[in-house]
Amino acid sequence: MTTLAIIWYSRTGGSRQLAEAARDAALEAGDIDVRFLKAEDAEADDLLEADGYVFACPENLAAIAGVMKAFFDRTYYEVLGRIEGRPYAAIICAGSDGENAKKQLERICTGWRLKKVADTPIINVGAQTKEEILAEKSIGDSDLEKARELGGTLAAGLEMGVF
């Protein structure tokens, strides 16, 4: 069976909600196995066993969150040259900008020679103060719809064999 791995990290809930929306849409869109993996638990074998990927994480201090970066650091060389051409999509949850995290994540995927199948949305939650940054996030419906679209697109494309 075709497998989609959704690998995510979230400290305050925003990226988790986005990853869940992508997962739910993927489950509805195709007859595929959807693996929902926290970045801290995901390993190289999870990447090797999947046919496509959705990565969801926050931007922290103008970069992808450290836990997500640690996932990439831990698995990068183990799968290098072994997952080339597989499709991926990503989504970034940011307090104000998100562009650097988007570039960083996409450069990692380019190094793996993955095939980007959708633009990477940046969901800006507008958190600027310490209290806002550390508060539990609530992602709005229009932003959750962007994540659902990513998950559904990946699942349907994998099932149809277009990726």
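Residues numbered from 1 in each chain as written. Predicted model: local features only at pLDDT ≥ 70, side-chain atom pairs only at ≥ 80, totals over all residues. Heavy atoms only, no water.

Draft legend 1. Spatial organisation of the packing of aromatic side chains. Inspection of the entire model under this criterion finds nine aromatic pairs. With a centroid separation of 6.3 Å and 50 degrees between ring planes, the pair formed by Phe 55 and Tyr 88 is classed as tilted. Here Phe 55 is found in strand β3 (residues 52–60), whereas its partner Tyr 88 is found in strand β5 (residues 87–94), with 33 residues between them in sequence. The same class applies to Phe 55 as to Tyr 88, namely buried. In textbook terms, an aromatic cluster arises when at least three aromatic residues are bridged by ring pairs, as seen for Tyr 53, Phe 55, Phe 71, Phe 72, Tyr 76, Tyr 77, Tyr 88 and Trp 112. Above the ring of Phe 36, the side-chain terminus of Arg 23 is found at 4.5 Å from the ring centroid. (Phe/Tyr/Trp six-rings, centres within 6.5 Å; stacked < 30°, edge-to-face > 60°. Helix = DSSP H or I, 4+ residues; strand = E, 2+ residues; numbered from the N terminus. Buried < 20%, exposed > 50% of the residue type's maximum accessible area, 1.4 Å probe, protein only. Lys NZ or Arg CZ within 6 Å of the ring centre and 35° of its normal.)

Draft legend 2. Quick peek at the environment of Lys 116. Mapped onto the elements, Lys 116 comes out in strand β6 (residues 115–116). Under the relative-accessibility criterion, Lys 116 is labelled partly exposed at 40%. Residues Lys 116 and Leu 105, spaced eleven residues apart in sequence, show a C-alpha to C-alpha distance of 11 Å. Within the local environment of Lys 116, its side chain forms a polar contact with the side chain of Glu 106, the two groups lying 3.3 Å apart. (Polar contact = N/O pair within 3.5 Å; in protein donor to acceptor, adjacent residues only side chain to side chain.)

Draft legend 3. How the structure looks around the pairing of β3. Burial analysis of β3 places eight of its nine residues in the buried class, which makes it a mostly covered element. In the sheet, strand β1 (residues 3–8) pairs with β3 via five bridges, with the strands oriented parallel. Residue pairing for β3: Ile 6 is matched across the bridge by Val 54. Bridging between β3 and β5 involves six bridges; their strand directions are parallel. Note on β5: the bridge partner recorded for Phe 55 is Ala 90. The pairing of β3 with strand β4 (residues 63–64) spans two bridges and is antiparallel. (Pairing = 2+ DSSP bridges.)

Draft legend 4. Local environment of the packing of helix α1 (residues 14–29) against helix α6 (residues 141–160). α6 packs onto α1 with a crossing angle of 40 degrees between their chain directions and a minimal axis gap of 7 Å. On the basis of their axis angle, the class for α1 and α6 is oblique. At the point where α1 passes α6, the crossing takes the right-handed sense. Counting all contacts with α1, which are made through Gln 17, Leu 18, Ala 21, Ala 22, Ala 25, Ala 26 and Ala 29, the residues of α6 involved are Asp 143, Leu 144, Ala 147, Arg 148, Gly 151, Gly 152, Ala 155, Ala 156 and Glu 159. Its residues placed into classes, the contact of α1 with α6 shows ten nonpolar, three polar and three charged. (Axes fitted to C-alpha atoms, helices over the stretch in contact; angles between N-to-C directions. Parallel < 35°, antiparallel > 145°, perpendicular 65-115°, else oblique. Left-handed = near helix turned anticlockwise from the far one by under 90°. Contact = heavy atoms within 4.5 Å. Nonpolar A, V, L, I, M, F, W, Y, C, P; charged D, E, K, R; others polar.)

Draft legend 5. Molecular detail of the packing of helix α3 (residues 66–79) against helix α4 (residues 99–111). As a packed pair, α3 and α4 sit with axes 12 Å apart at the nearest point and diverge in direction by 10 degrees. Put simply, α3 runs roughly parallel to α4. In this structure, α3 contributes Lys 69, Phe 72 and Tyr 76 to the contact, and α4 contributes Gln 104, Leu 105, Ile 108 and Gly 111. The class makeup of the residues in the contact of α3 with α4 is four nonpolar, two polar and one charged.

Draft legend 6. How the structure looks around the state of the cysteines. If you walk through the whole model with that rule in mind, you get zero disulfides. Left without a disulfide partner, Cys 93 is nearest to the cysteine sulfur of Cys 57, which lies 9.3 Å away. With no disulfide partner, Cys 109 has as its closest neighbouring cysteine sulfur the one in Cys 57, 9.9 Å distant. Judged by its relative accessible area of 0%, Cys 109 is buried. (Disulfide = S-S within 2.5 Å.)

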